[in-house]
Amino acid sequence: MTTAGEIPSRPRRIALVTQGYCSGGGVPTVARWLRSSLESTGNYSVDIHDLATSSKDANSRRLARPKTWLRRSLRSPSGSDDGVQHWGANAVEVEFMRYRPRVELTRVLRNYDLIQVVTGGPALAAAVMKADIPVVLLAATTAAWERESQLAGQARAALAWRRGMMALTSRVERSALHDVDVVLVLNDAMLDHVRALGQQNVIKAPPGVDTDRYIPEPSGW
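A brief structural summary. Only a predicted model underlies this, so the values are computations on that prediction, with no experimental measurement involved.

1. Points about the side chain of Q116
Reasoning step 1: Mapped onto the fold, Q116 is located in strand β5 (residues 114–119).
Reasoning step 2: Those residues within four positions of Q116 in sequence are excluded, and the remaining contacts are I14, A15, L16, V17, L34, V136, L137 and L138.

2. A few points about the nonpolar core
Reasoning step 1: With 32 residues, the main nonpolar core has V17, L109, I115 and V117 as its most contacted residues.
Reasoning step 2: Contributing elements (two or more residues each) for this core: β1 (12–19), α2 (103–109), β5, β6 (135–139), α4 (156–179), β7 (182–185) and α5 (188–196).
Reasoning step 3: Dropping the residues within four chain positions of it, L109 is found in contact with A15, V17, H49, I115, V128, A131 and I133.
Reasoning step 4: Grouped together as the second largest cluster of nonpolar side chains are ten residues, A31, V46, I48 and V118 included.

3. Some details on the packing of aromatic side chains
Reasoning step 1: One pass over the structure, following the stated rule, counts zero aromatic pairs.
Reasoning step 2: Stacked on the ring of Y21, the Lys or Arg R32 has its end atom at 4.3 Å from the ring centre.

4. Overview of the pattern of salt bridges
A side chain of one charge can pair with a side chain of the opposite charge if their charged atoms are brought near each other.
Reasoning step 1: Within this structure, the stated rule accounts for six salt bridges.
Reasoning step 2: Where R35 meets E39, a salt bridge forms, and the shortest distance between an N and an O atom there is 3.5 Å. Of this pair, R35 and E39 both sit in helix α1 (residues 26–40), four residues apart, which is roughly one turn of that helix.
Reasoning step 3: Of the residues examined, R35 reaches a relative accessible area of 12% and is grouped as buried.
Reasoning step 4: According to the relative accessible area criterion, E39 is partly exposed, its value standing at 35%.
Reasoning step 5: Here K204 ties to D188 by a salt bridge, and the two come within 3.0 Å at their closest N and O atoms. Residue K204 is found in strand β8 (residues 202–204), and its partner D188 is found in helix α5; the two are separated by 16 residues along the sequence.
Reasoning step 6: Take D188: its relative accessible area is 42%, and that puts it in the partly exposed class.

5. Observations regarding the side chain of R61
Reasoning step 1: With respect to the helices, strands and loops of the structure, R61 is situated in the loop between β2 (44–51) and β3 (75–77).
Reasoning step 2: There is no salt bridge for the buried R61, and the closest opposite charge comes from E104, which lies 6.1 Å off by N-O distance.
Reasoning step 3: Reaching out from R61, the side chain makes a polar contact with the side chain of N90 at a distance of 2.6 Å.
Reasoning step 4: Contact partners of R61, with chain neighbours within four places excluded, come to T68, W69, R71, R72, S73, L74, A89, N90, A91 and V92.

6. Considering α5
Reasoning step 1: Among the residues of α5, M190, L191 and V194 are the ones counted as buried. The arc enclosing the buried residues of α5, seen along the axis, measures out at 105 degrees, which places them on a common side.
Reasoning step 2: Phi for G198, located one or two positions after α5, is positive at around 95 degrees.

7. Here we look at unusual backbone geometry
Reasoning step 1: For A91, which is not a glycine, the phi torsion comes out positive at approximately 50 degrees.
Reasoning step 2: Looking at where A91 falls in the secondary structure, it is placed in the loop between β4 (84–87) and α2.
Reasoning step 3: With relative accessibility at 16%, the residue A91 sits in the buried group.
Reasoning step 4: One non-glycine residue, D132, lies in the positive phi region at around 60 degrees.

Here is what the cut-offs are and how they apply
Residues numbered from 1 in each chain as written. Predicted model: local features only at pLDDT ≥ 70, side-chain atom pairs only at ≥ 80, totals over all residues. Heavy atoms only, no water. Helix = DSSP H or I, 4+ residues; strand = E, 2+ residues; numbered from the N terminus. Contact = heavy atoms within 4.5 Å. Core = buried A, V, L, I, M, F, W, Y, C linked by side-chain atoms within 4.5 Å. Buried < 20%, exposed > 50% of the residue type's maximum accessible area, 1.4 Å probe, protein only. Phe/Tyr/Trp six-rings, centres within 6.5 Å; stacked < 30°, edge-to-face > 60°. Lys NZ or Arg CZ within 6 Å of the ring centre and 35° of its normal. Salt bridge = Lys/Arg side-chain N within 4 Å of Asp/Glu carboxyl O. Lys, Arg positive; Asp, Glu negative; His and termini not counted. Polar contact = N/O pair within 3.5 Å; in protein donor to acceptor, adjacent residues only side chain to side chain. Arc of directions from axis to C-beta.

Here's what the structure looks like:
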């Protein structure tokens, strides 16, 4: 163990678990910023573990594609030295299965000192909970808040399916928020929601601004 201000004898190994890392959007942007910031201190080494979010994920075992049931591994390294590894899921067409732990993923995560989850909704953290090492979760919102407006106008069959998936995902979210060691949130609404679930280790950590890039005009506002 090291005390505050003491430089560790080796860089602490961080598994940054996220989604859509190689695509655009707010979650990948935060994940890239956090990785860069941690590595710039010289005290941490960070590997990216990008978990499947699509029902047609190419590295997953798909119910609709029996040939994929025999897939030996759900892991797909990027092939470069960037430390990015993509992980498929079992029965990926069913949303809550994307949040289930994978034996191979859990085994890999146990080699780290800390797991940092960066995600839109908290459910993704459920995939890492069997690793039995500290988990910090940064979540922006919940499935119910995010999707309610999207359900309007859906056909009856599709609406029933998506409401069912949302209910199951919400259950996974509540469990994940309760079980992780620390939760980082971006606003007061999420702060109150997490506290109401009994998780007291929650910190409001709103995103900042790159002041080297965004600065006032010299002439003033």
